[in-house]
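Here is how the chains run, residue by residue.
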Amino acid sequence: MKKILVTLIVFTLSMTMFSCQENSYQIPDIIGMQINDAKLLIAGEVKTEVTYEYTNVFLPDSVMGFMDDLEVNDMINKNNTLKIKVAQAPEDSFTHSNMIEYVNNLGFVTGPNSQNFDLLRDSGAGSTDLGIPFTVNDKLAILYGDTFSGTENMSGFWKSNFIAISDDKNFNDGLSFSRLVTSDTNIILPFREGLHNKSEPDEESDNPFREVTKIPTGGIQIGEDVYIFYMSVRYWGSHGDWKVSYNQVVKTDTEFSSFQEVESLKWTEELAHNFGQIYPFDNPDEPNYIYFVSIPGGRYGGVALSRVLKSNFEDFESYEYYLGNDTWESGTIGLNSFKSNPNTIIQSPAGELSIMFNEYLNKWMIVYLKNSEIVFQTASSLTSDWSAPETIVNSTDFSGIYGGFVSPQMIDFDGKKFFFQLSRWLPIYQTQLIEVVLK
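Residues numbered from 1 in each chain as written. Predicted model: local features only at pLDDT ≥ 70, side-chain atom pairs only at ≥ 80, totals over all residues. Heavy atoms only, no water.

Our focus in this paragraph is the overall build of the protein. Secondary structure assignment for the protein yields four helices and 29 strands. Taking the principal axes of the C-alpha coordinates as reference, the protein spans close to 120 × 50 × 40 Å. For the protein, the accessible area works out to roughly 20,200 Å², and carbon and sulfur atoms hold 48% of it. The centroid of the 30 positive side-chain charges in the protein is displaced by 4 Å from the centroid of its 58 negative side-chain charges. (Helix = DSSP H or I, 4+ residues; strand = E, 2+ residues; numbered from the N terminus. Areas by Shrake-Rupley, 256 points an atom, 1.4 Å probe, with all protein chains shown as cover. Lys, Arg positive; Asp, Glu negative; His and termini not counted. Charge placed at Lys NZ, Arg CZ, Asp CG, Glu CD.)

Okay, structure coming up:
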């Protein structure tokens, strides 16, 4: 009798456990999945209820987590409702393009309202512009232009440029600096200081060697060497027009401990008018080369393309210039050919260039100022037909804009999300971080 009773108890418990298992559901790992895909996975198992929350950490319409303190692999009764938290684009985000899901302002990188202000202020950088990022040993080196110790109206002491270093890897909450390149007295140290001569039109000046300032246009690391390109500005005109006497290169190490002029690398206005502002970049398909996009002084030129083997980087005559129809010509001869018959891959007007290969799009993406808008264009190859410009931000969104600088290091979700530093002129002279999510 006892045996029968024990057997019945075991059977009853087994059936109860089996019944519980039949009525339970283990929550699958759907974090990050699009909600429609997640619902298909769960379909027929439990009822679902969706709650949307504003966030920029997850892509729009993707699963963030669960309500009721539930987590992945927890068990839920099939008669209950699984409440899912789903990402919604940030509340104040916007878009001007069918290619863009949203654009979001992440706040200032420089100035009194930035997380970097104490560091900047203590080193004499109250207001600044540009913010051109490039990678140096897995860190970001960021090139800034004319910088003033005062925070308003370009007041105080004037430095032509400075460099900030960032270890930041998560840009969803802004861009933070780890240090600035400074002098022994902890004041920002220009890689080359401008002469700060008076800004005068050519026809009104009797100084053929005048220079107002030296402004960075891009940087690149090759081995243990770092090269910074800059333009020598002799005259600031109005409405984005200025004159560049030459583009020159300085060389430093990966700690930016000292700077020396690369005398061989100098593109003069007379010989290389379209190469006043040169931006270097890596090409993943051709790791032995450095490529360049460039424009004349100002913001109204077309974009030229050139390249050089890394092994010949400091040899001016080894630089090749793209003349169209898959034709490259090197050195001074190539520049003269370009001068006689200019070939541009992006038509004017274009200003404040940056470019990167976007893995999500599987295309090149160039970002620049076109009139009063920051736009981007894409192409399958650097020399192929580029798409029509897509507006990212315009002067209605942010007043006084003139630069937007991207980096392949400043991306998320393989480039579906990218970040750029927006440079503004008025009513402030500062930079801020902008987030863009593509469709």
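Now, onward.
Those residues of helix H2 (residues 35-42) not exposed but buried are Ile-35, Ala-38 and Ile-42. Down the axis, H2 shows its buried residues gathered within 55 degrees of arc, on one side only. For H2, the exposed residues set more than 90 degrees away from the buried face come down to Asn-36 and Leu-40. Structurally, H2 contributes buried residues whose contacts are with strand E1 (24-26), strand E2 (47-54), strand E3 (63-66) and strand E5 (81-88). Where H2 terminates, the next one or two residues include Gly-44, which has phi positive at roughly 85 degrees. (Buried < 20%, exposed > 50% of the residue type's maximum accessible area, 1.4 Å probe, protein only. Arc of directions from axis to C-beta. Contact = heavy atoms within 4.5 Å.)

Once that is clear, we can look at the sheet that holds strand E14 (residues 225-236). The strands that make up a sheet are held in pairs by hydrogen bonds between backbone atoms, and each pair lies either parallel or antiparallel. Pairing is antiparallel in the open sheet, where four strands are placed in the order E13-E14-E15-E16. At either end of the open sheet lies a strand with only one pairing partner, and these are strand E13 (213-222) and strand E16 (260-268). Direction aside, neighbouring strands of the sheet carry axes that sit 25 degrees apart on average. Two strands pair when backbone bridges link them, and E13 and E14 are joined in this way by nine bridges, in the antiparallel orientation. The partner of Gly-218 across the bridge, within E14, is Phe-229. (Pairing = 2+ DSSP bridges. Axes fitted to C-alpha atoms, helices over the stretch in contact; angles between N-to-C directions.)

As for its placement among the helices and strands, Thr-128 is situated in the loop between helix H3 (117-122) and strand E7 (130-136). For Thr-128, a relative accessible area of 2% gives the class buried. Sequence-distant contacts of Thr-128, defined by excluding residues within four places in its chain, comprise Thr-110, Tyr-144, Gly-145, Asp-146, Thr-147, Phe-162, Tyr-429, Gln-430 and Thr-431.

Moving on to the nonpolar core. One finds Ile-163, Phe-256, Ile-392 and Phe-420 to be the most contacted residues of the largest nonpolar core, which totals 66 residues. No other element matches the six residues that strand E23 (residues 363-370) contributes to this core. Dropping the residues within four chain positions of it, Ile-163 is found in contact with Ala-141, Ile-142, Leu-143, Leu-180, Val-181, Phe-191, Ile-228, Phe-256 and Phe-259. Core analysis: the next-biggest nonpolar cluster, separate from the first, contains 22 residues, Ala-304, Phe-313, Leu-335 and Phe-338 among them. (Core = buried A, V, L, I, M, F, W, Y, C linked by side-chain atoms within 4.5 Å.)

The strand order across the open sheet built from four strands is E7-E8-E11-E12, with neighbouring strands paired in antiparallel fashion. For this open sheet the edge positions go to E7 and strand E12 (179-180), each flanked by a neighbour on one side alone. With six bridges connecting them, E7 and strand E8 (residues 139-144) associate as antiparallel partners. Bridge pairing links Leu-130 to Tyr-144 in E8.

A separate point is the side chain of Asn-274. Residue placement: Asn-274 occurs in the loop between E16 and strand E17 (277-282). Overall, Asn-274 belongs to the buried group, its relative accessible area being 10%. When near neighbours in sequence (up to four residues on either side) are disregarded, Asn-274 contacts Ser-294, Ile-295, Pro-296, Gly-302, Ala-304, Phe-338 and Thr-344.

On to the packing of aromatic side chains. Enumeration over the complete set of coordinates arrives at 28 aromatic pairs. Judged by centre distance (5.6 Å) and plane angle (55 degrees), the rings of Phe-171 and Phe-419 are tilted. Within this pair, whereas Phe-171 is found in the loop between strand E11 (162-166) and E12, its partner Phe-419 is found in strand E28 (residues 417-424), the two being separated by 248 residues in sequence. The exposure class assigned to Phe-419 is buried, which follows from its relative accessible area of 1%. Considering the side-chain rings of Phe-229 and Trp-267, the 6.1 Å spacing of their centres and the 35 degrees angle between planes classify their relative orientation as tilted. With Phe-229 in strand E14 and Trp-267 in strand E16, the pair connects residues that are 38 residues apart, well separated along the chain. Residues Phe-229 and Trp-267 agree in their burial class; the two are buried. Among the aromatic residues, those joined into a cluster by ring pairs are Tyr-227, Phe-229, Trp-267, Phe-292, Phe-313, Phe-316 and Tyr-319. The ring of Tyr-246 carries Lys-266 above its face, with NZ or CZ at 4.2 Å from the centroid. (Phe/Tyr/Trp six-rings, centres within 6.5 Å; stacked < 30°, edge-to-face > 60°. Lys NZ or Arg CZ within 6 Å of the ring centre and 35° of its normal.)

In this section: the confidence of the model for the protein. This prediction gives the protein a mean pLDDT of 94; 95% of its residues lie at or above 70. For the stretch residues 1-20, pLDDT sits under 50, and the model shows zero contacts to residues farther than four places along the chain or on other chains. (pLDDT = per-residue confidence, 0-100.)

What follows deals with the pairing of E5. Here E2 runs beside E5; their pairing, made up of eight bridges, is parallel. What sits directly across from Lys-47, in E5, is Thr-81. By the bridge criterion, three bridges tie E3 to E5 in an arrangement that is antiparallel. Bridging from a neighbouring strand, Gly-65 pairs with Lys-85 of E5.

Quick look at the pairing of E7 now. With respect to burial, E7 is a largely interior element, six of its seven residues being buried. Hairpin connection of E7 to E8: two residues between the antiparallel strands, including Asn-137 at a positive phi of 50 degrees.

To continue, consider helix H4 (residues 331-340). Buried residues of H4: Gly-331, Gly-334, Leu-335 and Phe-338, and no others. Projected down its long axis, H4 carries its buried residues within an arc of 100 degrees, all on one side. Facing away from the buried side of H4 by more than 90 degrees, the exposed set consists of Ile-333 and Ser-340. On its buried face, H4 is in contact with E16, strand E19 (301-309), strand E20 (320-324) and strand E21 (327-330).

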